[in-house]
Every structure is written in C-alpha cells, then in structure tokens.
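The residues making up each chain are set out below.
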Amino acid sequence: MNGNPKFLLYLSRIAELYPIGHSKYAPGTIASLVSILIGYFLILKLDIKFYLIFLFIFIIISYFLCEVHLKLNKKKDPKEVVVDEVSGQFVAMLACIQSEKTSYIFVSLIASFILFRFFDITKVGPIKKFENLPNGIGIMADDIAAGLFAFITQAAILTSLNQNIYIKTLWN
C-alpha cells in the first residue's frame, strides 16, 4: 500500500475517527454512541436494502482504513482505531424495532448499543478467536462478530415479543 504519506495519514485518522480514538475514556464506547446517533437517522431515512448496501460498503472501506493505519503504526490491534466499533454497531442495529414512533426506534437503538458493547467487551464464545486473525481482518472481525451476536440476541427478544424489526422489512 504505497501512496502519498500525508494522504495515508488522513486515512489513518479516519480509522481513528479522530479525535475519538484518542479519548482517554472508552474510545470504543464513544465511537459506538456516535454510531447510534448516525444510525438513528440512517434507519429513519433508508430503506433496508439501501442500509445493507451502505453497511457492506462501510465495512469494506473500514477494513482498508484499518490496513492503512496498521501500515503506518505497526501495532497489532491499535486501541485508537475505532472504525471497527462503528461497523459492529451498524451490524447490531439491524435488529432495531421498526415503528412509526421514533422514540421506540431510539430505545431499540440504545438496547442494540448495550448488547453490542457487552459482546464487544466480553468477547464471549468465538468472538475472541476472530480478534486473533491477522491485520485489518482481525481488527474488524471481532467487532462484526460482536455486532452479529448483539443482532441475534436483540432480534430473538423483539421477535418473541411480536415486534417487527428493521431487517424483517426486507421480506415485506
């Protein structure tokens, strides 16, 4: 990955969501909270098909941003990189409630935040193994897995309560 060093530094800063990644207090949690705010508007405005396209593109771009950051900083899993938390949180939000009441959606987003942070911090089950993958894949994979665990958990809870979730609109 060769290129203009200044441009690569800018890309590295995007991976950090600068200055969030350099926060003294829980940069991953702060990045997840920012994701919730962005996700709230995305879910209100985007059809599920467009959200999935956005998510796919965002994850691919995030992977490349992680690779650039690793090239410049030579760390295995740099804590200042938080774009992976954003990707994982965006995955978790697929299980948010689908409602005309925006307050229900917002509460559902908070639940996805709590579940995602739980799975991302505890790294239960196979999530920890994904972290051991090399390079940008390892940075991204554990957060995507945590997002999937949060998604499945929230989807199961809301579906058992007969609530319509965002991803189910794909089949309507």
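Below, the structure is looked at part by part.

What counts and how
- Residues numbered from 1 in each chain as written.
- Predicted model: local features only at pLDDT ≥ 70, side-chain atom pairs only at ≥ 80, totals over all residues.
- Heavy atoms only, no water.
- Salt bridge = Lys/Arg side-chain N within 4 Å of Asp/Glu carboxyl O.
- Buried < 20%, exposed > 50% of the residue type's maximum accessible area, 1.4 Å probe, protein only.
- Helix = DSSP H or I, 4+ residues; strand = E, 2+ residues; numbered from the N terminus.
- Phe/Tyr/Trp six-rings, centres within 6.5 Å; stacked < 30°, edge-to-face > 60°.
- Lys NZ or Arg CZ within 6 Å of the ring centre and 35° of its normal.
- 1 Å grid on protein atoms, 1.4 Å probe; cavity = no way out; pocket = protein on both sides within 12 Å on 5 of 7 lines; lining within 4 Å.
- Points joined across faces, edges and corners; volume = space filled by probe spheres on them.
- Nonpolar A, V, L, I, M, F, W, Y, C, P; charged D, E, K, R; others polar.
- Axes fitted to C-alpha atoms, helices over the stretch in contact; angles between N-to-C directions.
- Parallel < 35°, antiparallel > 145°, perpendicular 65-115°, else oblique.
- Left-handed = near helix turned anticlockwise from the far one by under 90°.
- Contact = heavy atoms within 4.5 Å.
- Patch = residues over 30% accessible without salt bridge, like charges linked within 9 Å, V, L, I, M, F, W, Y side chains within 5 Å.
- Areas by Shrake-Rupley, 256 points an atom, 1.4 Å probe, with all protein chains shown as cover.

Notes on the pattern of salt bridges
Link 1 in the chain: One pass over the structure, following the stated rule, counts seven salt bridges.
Link 2 in the chain: A salt bridge links Lys 75 to Glu 80; the nearest nitrogen and oxygen atoms lie 3.4 Å apart.
Link 3 in the chain: Here Lys 75 falls in the partly exposed class, since its relative accessible area comes to 42%.
Link 4 in the chain: A salt bridge links Lys 128 to Glu 131, with the nearest nitrogen and oxygen atoms 2.8 Å apart. Of this pair, Lys 128 and Glu 131 are both found in helix H6 (residues 127–131), three residues apart, which corresponds to roughly one turn of the helix.
Link 5 in the chain: You can call Glu 131 buried: its relative accessible area is 14%.
Link 6 in the chain: By sharing partners, the salt bridges in this structure join Arg 117, Asp 120, Lys 123, Lys 128, Glu 131 and Asp 142 into a single network.

Observations concerning the packing of aromatic side chains
Link 1 in the chain: A complete count under the given rule lists nine aromatic pairs for this structure.
Link 2 in the chain: Pairing Phe 118 with Phe 119 gives two aromatic rings, centres 5.1 Å apart and planes at 70 degrees, and the pair type is edge-to-face.
Link 3 in the chain: Taken together, the ring pairs in this structure connect Tyr 51, Phe 54, Phe 58 and Phe 90 into an aromatic cluster.
Link 4 in the chain: Positioned above the aromatic ring of Tyr 18, the side-chain terminus of Arg 13 is 5.0 Å from the ring centre.

Comments concerning the layout of surface pockets
Link 1 in the chain: In this structure, the largest pocket encloses a volume near 220 Å³.
Link 2 in the chain: Lining of the largest pocket is provided by 17 residues; of these, Lys 79, Val 81, Asp 84, Glu 85 and Asp 120 occupy positions nearest its centre.
Link 3 in the chain: Grouping the constituent residues of the lining of the largest pocket by class yields five nonpolar, two polar and 10 charged.

What to know about the packing of helix H3 (residues 48–73) against helix H4 (residues 83–92)
Link 1 in the chain: Their axes nearest at 9 Å, the elements H3 and H4 cross at an angle of 160 degrees. What the angle tells us is that H3 and H4 run roughly antiparallel. Both H3 and H4 take part in a crossing whose hand is left-handed. Judged by residue contacts, Tyr 51, Phe 54, Leu 55, Phe 58, Ile 59, Ser 62, Leu 65 and Cys 66 of H3 engage Val 83, Val 86, Ser 87, Phe 90 and Val 91 from H4.

Structural notes on a nonpolar patch on the surface
Link 1 in the chain: Among the surface-exposed residues, Phe 50, Ile 53, Phe 56, Ile 57, Ile 60, Ile 61 and Phe 64 lie close enough to one another that they form a single nonpolar patch of about 710 Å² accessible area.
Link 2 in the chain: Structurally, the position occupied by Ile 61 is in helix H3.

Keep in mind these values describe shape, not function.
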